[in-house]
Amino acid sequence: MIFSKKKKNDTTVPFDPEKQYAVIRSSICTGEKVAGFKDKTDGHFVDVMLIRTPDDIERFKELYNIETIKTEY
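Just so it is clear, the structure is predicted and the values come from calculations on it, not from any experiment. Sequence order as written defines the numbering, with residues in each chain counted from 1. Local features in this predicted model are restricted to residues of pLDDT 70 or higher, and side-chain atom pairs are both shown and tallied only at a pLDDT of 80 or more, whereas totals for entire chains, interfaces and linings draw on every residue. Only hydrogens and water are set aside when side-chain values are computed; all heavy atoms of the structure are taken into account.

**Student:** Hey, could you run me through the packing of aromatic side chains in this one?
**Tutor:** By convention here, two paired aromatic rings are described through the distance between centres and the angle between planes. Centres within 6.5 Å are what make two rings of Phe, Tyr or Trp a pair, Trp counting through its six-membered ring; a difference in plane orientation under 30 degrees is then read as stacked, over 60 as edge-to-face, and the rest as tilted. Evaluation of the coordinates by the stated rule reveals five aromatic pairs. Ring geometry for Phe-15 versus Tyr-64: centroids 6.3 Å apart, planes at 80 degrees, classification edge-to-face. Taken together, the positions of Phe-15 in the segment before β1 (20–26) and Tyr-64 in helix α1 (residues 54–64) put the pair 49 residues apart, joining distant regions of the chain. Three exposure classes are used, based on accessible area relative to the maximum for each residue type with a 1.4 Å probe and protein chains only: buried under 20%, partly exposed in between, and exposed over 50%. The class for Phe-15 is partly exposed, based on a relative accessible area of 24%. By relative accessible area, which is 11% here, Tyr-64 ends up buried. A helix here means a DSSP run of H or I that spans at least four residues, while a strand means a run of E at least two residues long, and both kinds are numbered starting from the N terminus.

Written as structure tokens, this is what we have:
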């Protein structure tokens, strides 16, 4: 099937607060927002989920037990 829908994946990405911090990357041009984790040593970003509404941010916080999220542009 060429045009099949993607199945929803409920698995979580491993998060180590000692080595990573939560961040939302926001595009200046399009306004698209992606939540994920950035490595403290080399700056490597791992995207976890697309943010469309404020509820998505709250869901991301609950999934990973995060209180604050930094936003980068």
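The rest of the description comes next.
**Student:** Hey, could you run me through the nonpolar core in this one?
**Tutor:** One recurring pattern in soluble globular proteins is that nonpolar side chains are buried together. Membership of the largest hydrophobic core is limited to 10 residues, which are Ala-22, Ile-24, Ala-35, Phe-37, Met-49, Ile-51, Phe-60, Tyr-64, Ile-66 and Ile-69. Taken together, the elements giving at least two residues each to this core come down to β1, β2 (33–39), β3 (45–51) and α1. Excluding residues within four positions of it along the chain, Ile-66 makes contact with Phe-15, Ala-22, Phe-37, Phe-60 and Lys-61. Put simply, a nonpolar core is a bunch of buried Ala, Val, Leu, Ile, Met, Phe, Trp, Tyr and Cys residues held in one set by side-chain atoms that sit within 4.5 Å of each other. Any two residues whose heavy atoms approach within 4.5 Å are treated as being in contact.

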